[in-house]
Amino acid sequence: MSTTESCALSAEELCWRCDPAQFAFETTADLPDLSEIIGQPRAVEAIRFGIQVRSPGYNMFALGPNGIGKTTTVDRFLVREAAQQPVPDDWCYVHNFRDPRRPRALRLPAGMGTALRADVKQLIAGLRTAILAAFESEDYEAHTQAIQQKVRGRQEEVLGKVRALAEQRGIAMVKTPEGIGFAPVAGGKPISPEEFHKLPAEQREMIQRNLAYLEEQLGAAVRELSQAEKAIIAEARQLNRQVAAFAAGRHVQELIDKYARYEDIVDYFKALQEDVLDNVEDFRPAEQQEQAAEPSLERYEVNLIVDRTTTQGAPIVIADNPTYQNLLGTIEYRSEMGTLVTDLTLIKAGALHRANGGYLIIEAAPLLQKPFAWEALKRALRTGRIAIESLAQELSPVSTVTLEPEPIPLRLKVVLIGEPLLYYLLYEHDPDMRELFKVQVDFAEDMPCTPENMALYARFVATIAHYDELRPFTRDGVARVVEQAARLSADQGRLSVHFGAVTDLLHEANYWAGQRGASAVAAVDVQRAIDAGVYRADRVRERVQEEIACGTIMIDVSGAVVGQVNGLSVSQLGSACFGRPSRITARTRLGRGQVVDIEREVALGGPLHSKGVLILSGYLGARYIPEQPLSLGASLVFEQCYSGVDGDSASSAELYALLSDLAQLPIKQSLAVTGSVNQKGEVQAIGGVNEKIEGFFDVCRHMPGGLSGQQGVLIPRANVRHLMLRGDVVEAVAEGRFHIYAVSTIDEGIEILTGTPAGARGDDGQSPEGTVNRRVEDRLRHFAERAKGEEKGEEERS
């Protein structure tokens, strides 16, 4: 059997088919909904471990590609676990009567926060009514009048003494707009200033001495009255306090008795009662207090920031916009008379408050994009408390007056959701990551294709159809979905668990079933959904194929050319992923053992592509004339390539082109090549094998003359298990109109491409005459001898 025949793959090897007969149902309507999480045993075990371990730092990071269902899986698992856990406490902020800038945080059992807020509101309303009634009572009025009478009596007594002294000295005490004054009298009437100046000098001096003495006595009297008034005011204040205490004591005591089990709340009510007694004027009738009473009572409000009244089990919070304020809470402001003011009622809870005692799920990428959010979350987890701090206070160069709420103890599990690369970068560069997120929840991209897993896949389809109100799927419809799952995983032995993409396929297949008026979704509807999805995103691929067919992009699919081969690459544009051929050419000459990568020289080649090219020099030197220097100069280029090239999947094609040019043997242009190569000449697996084969197949089909029966693709044998080709490609191979060859070594590949035996090295150390390897050895030896001769000639000339 020739190498071509032994390497050719049969149609059965090109695609795995799911047998609908293995399913014991007619439609998915007969199946129960899926209750367990499928395809993620490692992730489920990690989540269970992370939940059960209560030690600090055992938060979780769920890593996996987008669309794999990380958030849905974590949330569904947590819902089951959280339902079995107790409801955490309520939290509220109240006024701190000792330090008003630092509101106190109070913890209450779940649901009691609402009761406390209502009780305090009712208490303040009751106190206003009771205190108002007490101050309007006859007893209070009698006491007030007695105090006022005492004030008047004391004034009359003290001022009477001064008046008597004045009268003894012939001076009258009079009231003026400026206050109390003295004036000399004559004939019982005060004398005018003109009359005073007409008096004898001795009499004027006597009057002035008397006036000075009386002013002195009046000052002493005023000071005495001031002291007396202070004592009386204190007495009146004490009366007001006693009246208020009597009116408020019963109301406050009832709440103290009700909340006697909670020491912090009892302390709060005692402090509240003292504040009421100290500020009893705030509860006086509004007409006496004008408009000041109403705003002053806001300090007695209870700000219930976490209310668990309707919560069942531990809370699960998904923070979809994890900004600093949304995570830790914020202090809002309102404008009053052009000034920004705040109070405890404007303290707002964050996601950490709502999730406290439960679970918080956050997308890692948005978290890291929000300023200060990542550092704030780490600080909260590290310190075990939630401190609401104003970013403006921290960042502004101007210090402003704001509130500093008492931090709240934090105890919860945080689950970050992100890409694997993001997890590894954080783990490597952020030391806090290792201490705070010790549980790695690693989501798999696929699962083994076993009968048990295929049955679970069928139940998954049934569950989506049920909850999303889709038509049921037939057995062959489910089988086609399972085959597409294998295609998504690019492995005949595994099924993709990218359930987001699979769910989209189910919805689209349901649409096409409706278009044909079917009551159930069959395989034809699933296939139409797949084809329609490809068509919607296929414009660029079609344009590329048109340019190839008309010769603008130069690709040969017939004939044979020396030093030229069709390489295959994959282009990804949005949701479209397609393969396309590229002409690779090689030119060899006498040189210094250097293989020039033209893409690299003009900065179009990536590092992986450059690595693949450098491997070629090592292979040539070791494989053919290891005893002599490699005196070869060669150049490689992707023709008509005007964008970057990376990856080493074309390195085998580049080596075939080099060998063809060295051996001066033409390569069949009806074949295309993919696969990387190592220094031993072994062909290694590559990615995108299905897209590459289908891309070249489509090019051949659309070229003038169509499929000739000679065209085909060489792939690494290690990629055979990854083949999940389209039905038309498999059909063409079955009919002999297209071929796929799996090769393990460069020798196998060059033999198929040239139709000439590769030639194994014999006992004499040389390959047989006429073989590819012998021709290459002879050419390289010729280069080496010429180089040696030229070097000797230069030495003689010098």
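Quick look at the structure, then. (Residues numbered from 1 in each chain as written. Predicted model: local features only at pLDDT ≥ 70, side-chain atom pairs only at ≥ 80, totals over all residues. Heavy atoms only, no water.)

## Digging into helix H21 (residues 523-536)
Here H21 contains 14 residues, and its C-alpha end-to-end distance of 20 Å stays within 8% of the 20 Å for a straight helix at 1.5 Å per residue. Among the residues of H21, those classed as buried are Ala 523, Asp 525, Val 526, Ala 529, Ile 530 and Ala 532. Looking at the packing, one finds that the buried side of H21 touches helix H19 (475-489) and helix H20 (499-515). (Helix = DSSP H or I, 4+ residues; strand = E, 2+ residues; numbered from the N terminus. Expected span 1.5 Å × (residues − 1). Buried < 20%, exposed > 50% of the residue type's maximum accessible area, 1.4 Å probe, protein only. Contact = heavy atoms within 4.5 Å.)

## Some points on the nonpolar core
Within the largest apolar cluster, 93 residues are counted, with the highest numbers of intra-cluster contacts made by Ile 693 and Phe 738. Residue contributions to this core peak at 8 residues, all from helix H18 (residues 451-467). Those residues within four positions of Ile 693 in sequence are excluded, and the remaining contacts are Val 713, Ile 715, Leu 723, Leu 725, Val 729, Phe 738 and Ile 740. Formed by 43 residues, the second largest nonpolar core is a distinct cluster that contains Phe 638, Cys 641, Leu 671 and Val 683. (Core = buried A, V, L, I, M, F, W, Y, C linked by side-chain atoms within 4.5 Å.)

## With respect to empty space enclosed by the protein
Scanning the model with the defined rule gives 1 cavity of 30 Å³ or more in all. Each pocket or cavity is described by its volume, and for the largest cavity that value is around 30 Å³. Forming the boundary of the largest cavity are Arg 541, Val 544, Gln 545, Ile 548, Phe 578, Gly 579, Arg 580, Pro 581 and Val 699. Going through the elements one at a time, helix H22 (539-549) and strand E22 (576-590) are the ones with two or more residues in the lining of the largest cavity. Tallied by class, residues from the lining of the largest cavity come to 5 nonpolar, 2 polar and 2 charged. (1 Å grid on protein atoms, 1.4 Å probe; cavity = no way out; pocket = protein on both sides within 12 Å on 5 of 7 lines; lining within 4 Å. Points joined across faces, edges and corners; volume = space filled by probe spheres on them. Nonpolar A, V, L, I, M, F, W, Y, C, P; charged D, E, K, R; others polar.)

## Topic: the pairing of strand E3 (residues 104-108)
Counting buried positions over the 5 residues of E3 gives 4, a clear majority of the element. Summarising the sheet, strand E2 (residues 90-94) and E3 pair through 5 bridges and their orientation is antiparallel. What sits directly across from Trp 91, in E3, is Arg 107. (Pairing = 2+ DSSP bridges.)

## A closer look at the environment of Pro 581
The topology assignment puts Pro 581 in strand E22. With a relative accessible area of 1%, Pro 581 lands in the buried category. Not counting residues within four places of it along the chain, the set of residues in contact with Pro 581 comprises Ile 548, Ile 555, Gly 567, Leu 568, Phe 696 and Val 699.

## What about the packing of aromatic side chains?
A ring pair, where both rings are aromatic, is described by two values, the distance of the centres and the angle of the planes. Considering all chains together, one arrives at 16 aromatic pairs under this definition. Between Phe 697 and Phe 738, the ring centres sit 5.2 Å apart and the planes meet at 90°, which makes this aromatic pair edge-to-face. Placement of the pair is Phe 697 in helix H26 (residues 689-702) and Phe 738 in the loop between helix H27 (727-734) and strand E30 (739-743), with a sequence separation of 41 residues. Judged by its relative accessible area of 2%, Phe 697 falls in the buried class. Phe 738 gets classed as buried once you look at its relative accessible area, which sits at 0%. Here the aromatic cluster, defined as three or more aromatic residues joined through ring pairs, consists of Phe 97, Tyr 259, Tyr 268, Phe 269 and Tyr 300. Just above the ring of Tyr 427 sits the side chain of Arg 434; from NZ or CZ to the centre is 5.1 Å. Sitting over the face of the ring of Tyr 624, Arg 623 holds its NZ or CZ atom 5.1 Å from the ring centroid. (Phe/Tyr/Trp six-rings, centres within 6.5 Å; stacked < 30°, edge-to-face > 60°. Lys NZ or Arg CZ within 6 Å of the ring centre and 35° of its normal.)

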